Amino acid sequence: MNHSHNIKPNTIWLTARTAVIILITACCAMQLSAQRRVTPVKPVEPGTAPRVEREKKIDRSRLVEQTDVNGNVILVDTVTGTEFKDSTLMAAPPKMEYPLLHEIIAGVNLWSPLMRAFGQHYGLGDVWAELSLHNRYFPFIGFGLDNCNDSPDGSNFTFKVPASPYFKIGASYNFFYNSNPDYKLQMGLRYGFTSYKWNVEDVTVNDPYWGEDPGFSIMNQKSTAGYLEVTFGLKVRILKSWSLGWNLIYHSVLHETKNPAGEPMFIPGYGKRGSSLTGSFSLMYTFPIDKLNKKKAAEVNNSNEGVEQLPPPPNEGLIKQDIND
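Residues numbered from 1 in each chain as written. Predicted model: local features only at pLDDT ≥ 70, side-chain atom pairs only at ≥ 80, totals over all residues. Heavy atoms only, no water.

### Side note on the overall build of the protein chain
Working step 1: Counting its secondary structure elements, the protein chain contains three helices and 15 strands.
Working step 2: Here the protein chain holds 325 residues, and 30% of them are scored as buried.
Working step 3: As displayed, the protein chain offers around 22,100 Å² of accessible surface, 60% of which is attributable to carbon and sulfur atoms. (Helix = DSSP H or I, 4+ residues; strand = E, 2+ residues; numbered from the N terminus. Buried < 20%, exposed > 50% of the residue type's maximum accessible area, 1.4 Å probe, protein only. Areas by Shrake-Rupley, 256 points an atom, 1.4 Å probe, with all protein chains shown as cover.)

Quick look at the structure:
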């Protein structure tokens, strides 16, 4: 009888025990592996800086400019198709091309002398000056003399005002402030004030009963008046520092002295009542004062502030992906 194929009970028991151990070990290993996969990220320890994710960077050589549906300039990656916004291409607010202290402009108003040449019986003239701030804002001050000796057509009196002073102060705004200062389109606001005397002479009254024309005069009346002017004008340089300027003026009396004899027909610096529009025509001379600025005019004109920036060349690096991506 051959006993080489007989299996002993001890061998069977050892084999079963080994299989069970292997099975238990495999199950434990699988459980530990699963726990490692679901274990959360270790929190940052107190006193240590959190880890910051590095910015996504893209090679500028792969970008091309396009315009989106809103008209904004965007950059598109030709490889991935990702869109980016380049802040250097965004429109900048307008800047001041000229320095704070730019020019002083002195002028003489020739309107009244010219009108007298055409038969007007009132007005003398005035001189004025304004300071150019950035070629944009123009504080104004003026001084003048006016008189009147007028007998209106169809009237029965002569109104007279001796030469009387008036003053004006205000400011104007140049709409072409970043353009050539030889040409200006300005709108301004001014306040005028005067104190003066006036007479109404040779007043005649027809008396059909007596057949005579008794006359009388109202003499040595005193008044003060304040008035508002809104100006709209143009300035043009004609030769070197010389310029000519025209203004259309709307004016209105703000306050004046009450007089029992009535309202005076003429107000120095304002003109005759009855019309809300008048004008001015000035010859001007410009004094440059840009050397008084701490920053030279050339430095202001060449400043990068407000100038549209082009994106840096490819060798200057990469750009940051838009935060909304």
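### Thoughts on the packing of aromatic side chains
The geometry of an aromatic ring pair is captured by two quantities: the separation of the ring centres and the angle between the planes.
Working step 1: According to the stated counting rule, one finds 11 aromatic pairs in the structure shown.
Working step 2: Both rings, one in Y122 and one in F266, keep their centres 5.3 Å apart while their planes meet at 55 degrees; by these two values the pair is tilted. With Y122 in the loop between α2 (111–117) and β6 (125–133) and F266 in strand β12 (residues 266–267), the pair connects residues that are 144 residues apart, well separated along the chain.
Working step 3: Note on Y122: relative accessible area 19%, which makes it buried.
Working step 4: The exposure class of F266 is buried, given its relative accessible area of 0%.
Working step 5: Here the guanidinium or amino end of R136 rests over the ring plane of Y177, the centre of that ring lying 3.9 Å away.
Working step 6: Over the ring of F140 we find R190; its NZ or CZ atom is 3.8 Å from the centre of that ring. (Phe/Tyr/Trp six-rings, centres within 6.5 Å; stacked < 30°, edge-to-face > 60°. Lys NZ or Arg CZ within 6 Å of the ring centre and 35° of its normal.)

### Overview of the side chain of E201
Working step 1: Residue placement: E201 occurs in strand β9 (residues 183–204).
Working step 2: On the accessibility criterion, E201 (14% relative accessible area) is buried.
Working step 3: Once residues within four sequence positions are removed from consideration, E201 is found in contact with F157, T158, K160, F216, S217 and M219. (Contact = heavy atoms within 4.5 Å.)

### What to know about the environment of S112
Working step 1: Mapped onto the elements of the fold, S112 is located in helix α2.
Working step 2: Setting aside chain neighbours within four positions, we find S112 in contact with Q120, G123, L124, G125 and D146.

### Describing the pattern of salt bridges
Working step 1: In total, this model carries eight salt bridges according to the counting rule given.
Working step 2: A salt bridge links E201 to K160; the nearest nitrogen and oxygen atoms lie 3.1 Å apart. Residue E201 is found in strand β9, and its partner K160 is found in strand β8 (residues 158–174); the two are separated by 41 residues along the sequence.
Working step 3: For K160, a relative accessible area of 28% corresponds to the partly exposed category.
Working step 4: Put simply, E263 and R273 hold a salt bridge, and the shortest N to O gap is 3.7 Å. Of the two residues, E263 sits in the loop between β11 (242–256) and β12 while R273 sits in the loop between β13 (271–272) and β14 (277–288), which places them 10 residues apart along the sequence.
Working step 5: Taken together, the salt bridges that share partners define one network made up of E256, E263 and R273. (Salt bridge = Lys/Arg side-chain N within 4 Å of Asp/Glu carboxyl O.)

### Here we look at a nonpolar patch on the surface
Working step 1: Side chains of V108, L124, V127, F143, L145 and F167 sit close together on the surface and give an oily, nonpolar patch of about 470 Å² of accessible area.
Working step 2: Since its relative accessible area comes to 45%, F167 is described here as partly exposed. (Patch = residues over 30% accessible without salt bridge, like charges linked within 9 Å, V, L, I, M, F, W, Y side chains within 5 Å.)

### Overview of the nonpolar core
Working step 1: Core analysis: the biggest nonpolar cluster contains 15 residues, and C148, F159, V161, W198, F266 and I267 have the highest contact counts within it.
Working step 2: Residue assignment for this core shows that the elements contributing at least two residues are β8, β9, β10 (215–239) and β12.
Working step 3: Here this core takes four residues from β9, the largest share from any one element.
Working step 4: Residues I105, W128, F140 and M284 belong to the second largest nonpolar core, which totals five residues. (Core = buried A, V, L, I, M, F, W, Y, C linked by side-chain atoms within 4.5 Å.)

### Looking at the environment of F138
Working step 1: Residue placement: F138 occurs in strand β7 (residues 137–150).
Working step 2: Overall, F138 belongs to the buried group, its relative accessible area being 0%.
Working step 3: F138 sits 33 residues away from A171 along the chain, and the two C-alpha atoms are 5.3 Å apart.
Working step 4: The contact partners of F138, leaving out residues within four places of it in the chain, are I105, E130, L131, S132, G170, A171, S172, N174, K184 and Q186.

### Structural notes on the sheet that holds strand β4 (residues 83–84)
Working step 1: Ordered in space as β2-β3-β4, the three strands form an open sheet in which the pairing is antiparallel. Among the strands making up the open sheet, the edge pair consists of β2 (63–67) and β4.
Working step 2: Taken together, the two bridges between strand β3 (residues 73–77) and β4 define a ladder with antiparallel strand orientation. What sits directly across from V76, in β4, is E83. (Pairing = 2+ DSSP bridges.)

### Here's the deal with the confidence of the model for the protein chain
Working step 1: Of all residues in the protein chain, 69% have pLDDT values of 70 or greater, and the mean over the chain is 81.
Working step 2: Taken as a whole, residues 302–311 scores under 50 in pLDDT and shows 15 contacts with residues more than four places along the chain or in a different chain.
Working step 3: The low-confidence segment residues 315–325 (pLDDT under 50) makes 24 contacts with residues lying over four places distant or belonging to another chain. (pLDDT = per-residue confidence, 0-100.)

### Overview of the sheet that holds β7
Working step 1: One closed barrel holds the eight strands; their spatial order is β5-β6-β7-β8-β9-β10-β11-β14, and the pairing between them is antiparallel. Here the strands of the sheet are splayed against their neighbours by 25 degrees on average, with no regard to which way each runs.
Working step 2: Bridge count for β10 against β11 is 14 bridges, and the pairing is antiparallel. Looking at β11, one finds that E229 is bridged to H251. (Axes fitted to C-alpha atoms, helices over the stretch in contact; angles between N-to-C directions.)

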